[in-house]
Amino acid sequence: MASSTLPKQGDERVVQAGPLKRLLTRPELGALGGAILVWLIFAFLAGNRGFLTLQGTASYLEVSSYLGILAAAIALLMIGGEFDLSIGSMIGAAGATIAVLGSVFGMPLWLAALIALFVALLVGFINGTMVIRTKLPSFIITLGSLFILRGLTIALTRIFTGRTQIGSLDQLPGYDVLRLLFGGSIPIGGASFPISIVWWIAITALATWVLMRTQFGNWIFSAGGNADAARNVGVPVDRVKITLFMATATAAWLVATIQLTVVKSADTLRGTQQEFIAIIAAVIGGNLLTGGYGSAVGAALGALIFGMVRQGIVYAGIDADWFQVFLGAMLIVAVLVNNFIRDRAEKARR
Amino acid sequence: MATTPLLEVRNISKYFGSVIALNDVSMTVNASEVMCLLGDNGAGKSTLIKILSGVHKPSQGEYLVEGKQVDFNSPRDALDHGIATVYQDLAMIPLMSIARNFFLGSEPTKGWGPFRRFDINFASQTARSEMAKMGIDIRDPSQPVGTLSGGERQSVAIARAVYFGAKVLILDEPTAALGVKQAGVVLRYVAQARARGLGVIFITHNPHHAYAVGDRFTILKRGRTFGTFTKDELSREEMVRMMSGADELDALSHELSEFARRDAAAAQIDEQLAESLEAAESLFEPESRREG
Ligand SMILES: Nc1ncnc2c1ncn2[C@@H]1O[C@H](COP(=O)(O)OP(=O)(O)OP(=O)(O)O)[C@@H](O)[C@H]1O
Ligand SMILES: [Mg+2]
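Notes on the structure in this doc start here. (Residues numbered from 1 in each chain as written. Chains lettered and ligands numbered in written order. Predicted model: local features only at pLDDT ≥ 70, side-chain atom pairs only at ≥ 80, totals over all residues. Heavy atoms only, no water.)

### Side note on the site of ligand 1
Residue and element names in this part refer to chain B.
Right, so step 1: Within the structure, ligand 1 sits among 13 residues, and Gly42, Lys45, Ser46, Thr47 and His205 are positioned closest to it.
Right, so step 2: One of the side-chain nitrogen or oxygen atoms of Ser46 is found 2.7 Å away from an oxygen atom of ligand 1.
Right, so step 3: Taking Thr47, its side chain carries an N or O atom lying 2.5 Å from an oxygen atom of ligand 1.
Right, so step 4: Protein coverage of the free-state accessible area of ligand 1, which is 630 Å², stands at 62%.
Right, so step 5: In terms of residue count, helix H1 (residues 45–52) provides more of the shell around ligand 1 than any other element does, three residues in total.
Right, so step 6: Residues that form the shell around ligand 1 fall into these classes: three nonpolar, seven polar and three charged. (Near = heavy atom within 4 Å. Polar contact = N/O pair within 3.5 Å; in protein donor to acceptor, adjacent residues only side chain to side chain. Areas by Shrake-Rupley, 256 points an atom, 1.4 Å probe, with all protein chains shown as cover. Helix = DSSP H or I, 4+ residues; strand = E, 2+ residues; numbered from the N terminus. Nonpolar A, V, L, I, M, F, W, Y, C, P; charged D, E, K, R; others polar.)

### Structural notes on the pairing of strand S2 (residues 19–29) of chain B
All names here are of chain B.
Right, so step 1: Pairing of strand S1 (residues 7–16) with S2 involves seven bridges; the strand directions are antiparallel. Across the sheet, Phe16 pairs through a bridge with Val19, a residue of S2.
Right, so step 2: The loop that links S1 with its antiparallel partner S2 comprises two residues; one of these, Gly17, has a positive phi angle of about 60°. (Pairing = 2+ DSSP bridges.)

### Examining the side chain of Asp140 of chain B
All names here are of chain B.
Right, so step 1: Within the element layout of this structure, Asp140 appears in the loop between helix H4 (120–133) and helix H5 (150–163).
Right, so step 2: Under the relative-accessibility criterion, Asp140 is labelled buried at 8%.
Right, so step 3: Here the side chain of Asp140 touches Ser142 through a polar contact of 2.6 Å, side chain to side chain. (Buried < 20%, exposed > 50% of the residue type's maximum accessible area, 1.4 Å probe, protein only.)

### Remarks on the packing of aromatic side chains
The relation between two aromatic rings is expressed through the spacing of the ring centres and the mutual angle of the planes.
Right, so step 1: Throughout the structure, instances matching the rule amount to 18 aromatic pairs over all chains.
Right, so step 2: The interplanar angle of 75° and the centroid separation of 5.3 Å between the aromatic rings of Tyr63 of chain B and Phe72 of chain B together place this pair among those described as edge-to-face.
Right, so step 3: Using a relative accessible area of 4% as the deciding quantity, one classes Tyr63 of chain B as buried.
Right, so step 4: What makes Phe72 of chain B buried here is its relative accessible area of 5%.
Right, so step 5: Both rings, one in Tyr211 of chain B and one in Phe217 of chain B, keep their centres 6.0 Å apart while their planes meet at 10°; by these two values the pair is stacked. Take Tyr211 of chain B and Phe217 of chain B: they sit in the same class, and that class is buried.
Right, so step 6: Geometry around Phe323 of chain A places Arg310 of chain A over its ring, the cationic atom sitting 4.5 Å from the centre. (Phe/Tyr/Trp six-rings, centres within 6.5 Å; stacked < 30°, edge-to-face > 60°. Lys NZ or Arg CZ within 6 Å of the ring centre and 35° of its normal.)

### Brief notes about a nonpolar patch on the surface
All names here are of chain A.
Right, so step 1: A cluster of nonpolar residues, Leu37, Ile41, Phe44, Leu45, Ile318, Trp322 and Val325, forms a patch on the protein surface that exposes about 730 Å² of accessible area.
Right, so step 2: Those elements giving two or more residues to the nonpolar patch turn out to be helix H2 (29–46) and helix H14 (322–347).
Right, so step 3: No other element matches H2, which puts four residues into the nonpolar patch. (Patch = residues over 30% accessible without salt bridge, like charges linked within 9 Å, V, L, I, M, F, W, Y side chains within 5 Å. Salt bridge = Lys/Arg side-chain N within 4 Å of Asp/Glu carboxyl O.)

### With respect to the pattern of salt bridges
Right, so step 1: Here the structure, examined in full by the defined rule, presents eleven salt bridges over all chains.
Right, so step 2: One salt bridge connects Arg10 of chain B with Glu8 of chain B, and the closest N-O pair in it is separated by 3.2 Å.
Right, so step 3: Under the relative-accessibility criterion, Glu8 of chain B is labelled buried at 17%.
Right, so step 4: Of the charged contacts in the structure, one is a salt bridge between Lys110 of chain B and Asp119 of chain B, with a shortest N-O distance of 3.8 Å.
Right, so step 5: The class for Asp119 of chain B is buried, based on a relative accessible area of 15%.
Right, so step 6: Bridged by salt links that share partners, the residues Asp228, Arg231 and Asp238 of chain A form one connected network.

Dropping the structure here:
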């Protein structure tokens, strides 16, 4: 390669960035620090009440895993420059679809789940296409679909079943297939780690690989960084964004299916407010609200923080009402830290 | 002209609703030539190059690339015909690295099927060596483009276009926001691109920049062509006159006094530029037989 024969005279103003300095510009940095801090706090507050046991660890990882699956997809979408507020409603819709198809129409549950996946892909496609076509902010479009989806879910479930909750799903044919894929757990040292944690890790790894090592990942960054500039060099920005909306809806479907399998019931209200918590987790993880910058690992760390606090409060015996106070404060601090890190990333090597 | 022009538009018009942005404009660009597109604000320069680069479709008129009529539906179509554009304001994505920006839209990949992946090492090495060919030493291709100066940013965009085999390079005011030295850097690359056989369309408001690298000058005025001139047909002062319009002599004399003030500086730029151009071309010569 020609690079080995380059003249080495260079520019005296260029300072080689060391590995430490480079680390300081990573988007996940703030979240990593936050996760360690939160763990230490609860290790201190609730260390002797079970927070540090394997079962305690499994319990906060499970909470984190549901949120983390959503946050990974939301992170990709946010890096691509858009929002999706409808994923909470999508969780309720996917669960209700599976339960109604199974209990009312007698469909095997695994087939019902496949059809629900198709519905989710369609909802994502419609969200994305509406955002592209109308050129309205995705915040507005998906705020609309948040209510439309939730309303449709409740109304249709009531029409078909007369109720808004459907139980005893494990009695239906085809449940075994779902339990195998989504309901199992892995015993480690006497504690059982739900399989949702494996899904969470796998999806975070996949999202990271896509972002860092594929052409599509480059397109995601560019779509959120500057969509017009990306279009001008031939990036199919519209297709990228629509695909990302389909990915967030799919993540919501996955969470819905796992929860339905674990608790053996569906509830039309399930997933309420999950969209905000997932966005907060992604923001805590260093994903910029303005798009073009962020990471899936950061979103996973954001979800981890959330899970540790939610379960840690219980172990520490603190009133759970304080959780929301924490969540809001964490969001604001995270955005401030992110802005600081982003500025560093832009100036680190000046 | 004996040879077919690389790019030609004939009687192009463009309407935006009731706004006539371009009216009956014709222009040609040949290989190894810098065609300067000059004109006041709102004259239609950006509109014309957006048609050339596939962003807009002309309302009327013909567009030929190497003698063949074309009808572009997107910037991708224009790129596939070897027409690369560096836009006034949208050249790069600041938070992405130099290497990622360099290959955006045409990412090198390795591996097969679902394991096909972005070849980041190749991207970094190539970005670095291509920039080196243009005389800029990039130490770290993973550094965000936002950390580069305006001139370096424009240079990355130009190097990218040249690397991807552009036959025609369109530059919309690449020197507008730049200081004297940085503008010199960009102008040097324009000359290098010409030396490599590209046709360059260069838009600028600065007559000194235009005069330093231009071979021919097309002047647009209120959406119409005011004429195309070769360098021998046009002195720098005439060009300034043309750009501001003969009927606006009041404004012109004011402007000229401004130029008089800057003349010393301008002469110095020209001198530096002539030197750096020579240096650039001699640097480039031994490599000019390089294939694609
Ligand atoms: N998308 C559009 N819709 C309506 N009018 C437009 C559009 N694009 C350009 N115009 C109009 O066309 C005319 C030419 O604009 P253009 O941007 O081509 O000028 P320009 O020569 O590039 O000017 P400048 O030197 O300021 O960059 C202007 O009057 C502008 O308002
Ligand atoms: Mg313009």
